[in-house]
Amino acid sequence: MQSVTPSRDGEILILTVNNPPVNALSWHVRDGLGDGLDVALADDGVKGVLLICDGQTFIAGADISEFGKPAQGRNFLDVLDAFEKASKPVVAAIHGTALGGGLETALVCHYRIAVPSAKLGVPEVKLGLLPGGGGTQRLPRVVGIEQAAIMVAHGEPISAAKALDFGLIDALAGETTLAADALAFAKECVAKGPRPTRDRPVTGEIAIVEKLKAENARKWKGFEAPYANLRCIEAAAANANIDDGLKVEREEFVKLMSGSQSAAQRHMFFAERQAAKIDGLAKDIALRDIKRVGVIGAGTMGGGISMNFLSKGIPVTIVEMAQENLDRGVGVIRKNYENSAAKGRFTTEQVEGMMGILTPSLSLDDLADCDLVIEAVYESMDVKKDVFGKLDGICKAGAILASNTSYLDVDEIAASTSRPQDVVGMHFFSPANVMKLLEVVRGEKTADDVLATTMAIGKKIGKVAVVAGVCHGFIGNRMLSQRQIPANQLLMEGATPAQIDKVHTEFGMPMGPFQMSDLAGLDIGWHRDPTRIETVRDALCAAGRFGQKNGKGFYDYDEKRVATPSAEALAIIEEFRSKSNLAKRDITDQEIIERTLYPMVNEGYLILEEGKAQRASDIDVVWIYGYGWPIYRGGPMFWGDLEGAKKIVEALDRHGVKVADSLRAKA
Ligand code: 3HC
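Residues numbered from 1 in each chain as written. Predicted model: local features only at pLDDT ≥ 70, side-chain atom pairs only at ≥ 80, totals over all residues. Heavy atoms only, no water.

Asker: Is there a simple way to explain helix α14 (residues 348-356) in this structure?
Answerer: Because an α-helix packs 3.6 residues into every turn, residues spaced three or four apart end up facing the same way. Along α14, the residues that are buried comprise Val351, Met354 and Met355. The arc that holds every buried residue of α14, seen down its axis, measures 100°, which confines them to one face. Opposite the buried face of α14, at more than 90 degrees from it, the exposed residues are Glu349 and Gly356. Buried residues along α14 sit against α12 (300-311), α13 (323-342) and β12 (358-361). (Buried < 20%, exposed > 50% of the residue type's maximum accessible area, 1.4 Å probe, protein only. Helix = DSSP H or I, 4+ residues; strand = E, 2+ residues; numbered from the N terminus. Arc of directions from axis to C-beta. Contact = heavy atoms within 4.5 Å.)

Asker: For this particular structure, what's the right way to read the pattern of salt bridges?
Answerer: Opposite charge on two side chains permits them to pair, given that their charged atoms come into close proximity. One pass over the full model with this rule turns up 51 salt bridges. When the shortest N-O distance is used, the salt bridge between Asp371 and Lys396 registers 2.7 Å. Here the residue Asp371 occupies a position in the loop between β12 and β13 (372-375), and Lys396 occupies one in the loop between α15 (381-394) and β14 (400-403), the gap between them amounting to 25 residues. The buried category is assigned to Asp371, whose relative accessible area is 11%. What makes Lys396 partly exposed here is its relative accessible area of 33%. In this structure, Lys385 engages Glu412 in a salt bridge whose closest nitrogen and oxygen atoms are separated by 2.9 Å. In this pair, Lys385 is assigned in helix α15 and Glu412 in helix α16 (residues 410-414), connecting sequence segments 27 residues apart. Judged by its relative accessible area of 29%, Lys385 falls in the partly exposed class. Taken together, the salt bridges that share partners define one network made up of Asp81, Glu84, Lys85, Arg138, Arg198 and Asp243. (Salt bridge = Lys/Arg side-chain N within 4 Å of Asp/Glu carboxyl O.)

Asker: In this structure, what is going on with the sheet that holds strand β3 (residues 48-53)? I would like to understand it.
Answerer: Two strands in a sheet stick together by hydrogen bonds in their backbones, pointing the same way (parallel) or opposite ways (antiparallel). Taken in spatial order, the six strands line up as β1-β2-β3-β4-β6-β9 in an open sheet, and their pairing is mixed. Because the sheet does not close on itself, it has two edges, and the strands there are β1 (4-9) and β9 (171-172). Across two bridges, strand β6 (residues 111-114) lies against β9 in parallel orientation. Note that in β9 the partner of Ala114 across the bridge is Leu172. (Pairing = 2+ DSSP bridges.)

Asker: How should I be thinking about the site of the ligand in this particular structure?
Answerer: As a structural note, the neighbourhood of the ligand is formed by 25 residues, with Ala62, Glu104, Glu124, Arg273 and Lys277 the closest of them. In this structure, Ile64 approaches the ligand through a main-chain N or O atom, which is 2.9 Å from a nitrogen atom. For the ligand, an oxygen atom lies 2.6 Å from a polar atom in the side chain of Lys277. Surface burial for the ligand is 72%, taken as the share of its 990 Å² of free accessible area covered by protein chains. Here the shell around the ligand takes three residues from helix α11 (residues 260-275), the largest share from any one element. Grouping the amino acids of the shell around the ligand by side-chain chemistry returns 14 nonpolar, six polar and five charged. (Near = heavy atom within 4 Å. Polar contact = N/O pair within 3.5 Å; in protein donor to acceptor, adjacent residues only side chain to side chain. Areas by Shrake-Rupley, 256 points an atom, 1.4 Å probe, with all protein chains shown as cover. Nonpolar A, V, L, I, M, F, W, Y, C, P; charged D, E, K, R; others polar.)

Asker: Help me out: how do you make sense of the packing of aromatic side chains in this one?
Answerer: Here a ring pair, both rings aromatic, is described through the centre-centre distance and the interplanar angle of the planes. The final tally for this structure, using the stated rule, is 15 aromatic pairs. Measuring from ring centre to ring centre gives 6.0 Å for Trp526 and Phe546, while their planes differ by 45°; the resulting arrangement is tilted. With Trp526 in the loop between α20 (513-520) and α21 (536-542) and Phe546 in the loop between α21 and β18 (555-557), this pair connects stretches of sequence that are 20 residues apart. Assessed through its relative accessible area of 13%, Trp526 is described here as buried. The interplanar angle of 45° and the centroid separation of 5.9 Å between the aromatic rings of Tyr598 and Trp639 together place this pair among those described as tilted. (Phe/Tyr/Trp six-rings, centres within 6.5 Å; stacked < 30°, edge-to-face > 60°.)

Asker: Sorry if this is basic, but what is going on with the side chain of Glu591 here?
Answerer: Relative to the helices and strands, Glu591 resides in helix α23 (residues 589-596). Residues within four places of Glu591 in sequence aside, it is in contact with Leu490, Glu493, Arg585 and His655.

Asker: In this structure, what is going on with the sheet that holds strand β7 (residues 119-121)? I would like to understand it.
Answerer: Spatially, the three strands line up as an open sheet ordered β5-β7-β8, and their pairing is mixed. In this open sheet, the two strands that pair with only one neighbour each are β5 (97-99) and β8 (158-159). Two strands pair when backbone bridges link them, and β5 and β7 are joined in this way by three bridges, in the parallel orientation. Considered in β7, the bridge of Ala98 is made with Leu120. Packed onto the sheet, helix α3 (residues 101-108) meets β5 and β7 and runs at close to 90° relative to β5. (Axes fitted to C-alpha atoms, helices over the stretch in contact; angles between N-to-C directions.)

Below is the structure:
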């Protein structure tokens with residue numbers, strides 16, 4: 001099968017793209033398009049051209065896997081130029097998603113028609129890029145500066161209905177009759193002649209650019225691409241001649257493409273998709289049917305977990321031990337949905353619909369008909385074993401029994417049942433209805449179809465699911481402790497919580513180790529004996545400093561939870577430190593990086609050596625979607641490669657950290 005097949009219908013030459021799965025603009029597609037246009041222009045019998053795609057979608061963009069590789073085939077910009085300057089009208093027929101280079105291809109076509117379900121957008125910013133095929137210059141000429149700025153800066157696609165409103169498409173086709181409708185439309189366009197986008201004026205107000213920057217200052221902190229996209233929009237507004245604007249776009253594009261941020265974001269694009277693949281598992285494995293889910297525990301975690309399923313229309317039975325806790329948990333779920341409804345995310349009917357499929361219960365017996373049961377009770381092995389032992393006697397055969405444990409041994413939990421093959425870890429991250437990561441913990445005896453079903457249900461509820469092996473803290477929390485331990489040690493050597501946290505937030509993390517501890521609660525896992533002080537944390541808890549929840553922890557908090565450094569906490573740290581015989585010294589920011597981030601990379605290598613993660617990119621996915629590692633740094637393993645194994649190993653040796661063999665071998 002050719003990537004682009006020409007065919008004739010009367011005066012119209014039809015170019016049909018076929019490059020599964022998403023009709024990306026691989027070199028052979030560019031060649032096919034260029035060749036097809038040449039044929040159309042050379043044939044006097046052809047009066048117009050129709051560009052349409054086979055398969056699930058219109059062209060979904062440039063072929064990202066070609067980026068950074070030696071150029072092959074026709075140059076994309078030359079092909080676009082030829083289409084736009086064609087002497088015969090060219091029509092694009094759009095279904096599925098016209099994204100990035102796909103929309104840019106549609107923009108050099110003279111007319112566009114789309115099915116109602118089509119989506120059109122320029123998501124390049126999400127890859128750390130900008131639409132480098134003229135999108136930043138042509139969009140403002142078609143939809144106006146305001147809409148173009150929003151589209152390039154956020155990268156969200158718009159619906160066909162909106163595209164029609166904005167003039168991005170000229171007509172809507174029937175949902176199932178695109179080929180025929182587009183052909184008829186192309187025939188109409190013959191009389192109208194070519195309409196090159198480049199000849200159209202830029203309309204709209206440039207003030208939108210500053211508005212977007214102000215509105216998104218926090219969200220875009222550290223990112224280069226949104227600003228580069230907006231500079232191109234400014235260039236479109238400032239240059240009446242499109243070629244001048246295109247020059248600016250090219251310069252900005254080349255800068256982004258050769259920088260580390262886009263490399264990191266492109267790495268993550270593939271990493272996220274790769275994470276869904278389970279090595280050694282048959283692709284066509286039959287999945288178990290999940291029609292009803294049980295959740296044990298109606299606290300913050302259980303409630304958040306339940307919402308994921310309710311939002312997708314999957315009924316949930318939620319079980320608590322005491323009526324009061326059950327009522328409170330169900331009340332919080334309702335309130336969360338109502339808050340979302342107030343922001344326009346749901347209608348009142350939808351909220352009632354979701355609450356209507358939630359069944360609160362005080363008895364585990366009510367989980368008998370559930371296909372998947374997720375336990376989200378107190379993090380104690382004894383408690384979990386007790387729950388799983390009971391579930392074993394209650395749940396129907398074939399039900400998947402999942403634990404939301406964040407550290408504990410899933411094999412030991414599984415051993416408390418007579419069906420360890422049905423037991424799996426489903427480690428959600430708080431808030432569970434928001435955070436995208438789901439660590440799926442594969443026990444020694446977890447059946448293949450249980451693992452595959454759990455990964456699939458994770459995807460269904462909008463999570464990025466990553467397979468982890470059984471070890472203390474799995475992938476994410478195991479690495480987290482390699483950050484926390486040296487961070488505490490640095491306090492003993494003279495650094496302050498604020499200094500360490502600042503290094504982390506400037507690195508791009510949403511919060512540093514001590515801000516995170518305060519948020520989680522310092523008293524979690526505390527032995528509750530104020531006279532027993534073995535760690536700084538014990539000392540803070542003994543002084544009644546439990547974190548954000550009571551307004552004081554490593555920091556002091558005001559009623560809006562704004563943190564300020566705490567004289568009392570610093571005095572407690574100092575007192576504890578002075579007893580440790582460690583000399584106080586100045587700690588540099590570089591040392592904080594080396595002591596708190598390099599050990600995480602090292603731990604990642606150990607996790608891989610032990611086979612607890614399938615691949616390095618899975619570890620990156622865990623840290624980006626579970627802990628807010630900045631995506632423009634590509635996750636700890638990708639970042640570790642950028643830093644260089646040699647530099648990391650030297651520093652770890654200097655700081656007395658045992659280096660993973662595979663990391664040392666790479667240095
Ligand atoms: N290039 C190469 N491969 C791509 C691709 C692309 N643009 N888009 C998707 N793929 C691959 C995926 O890696 C995946 O491969 P796999 O099966 O081996 O894992 C496969 O196609 C299917 O992708 P999804 O799993 O994402 O399929 P969905 O149906 O869920 O989503 C989609 C389809 C909405 C098109 C989604 O794939 C997507 O958003 N793709 C990226 C779109 C994009 O960013 N386009 C801009 C590219 S950059 C560009 O055009 C630069 C230009 O301005 C110069």
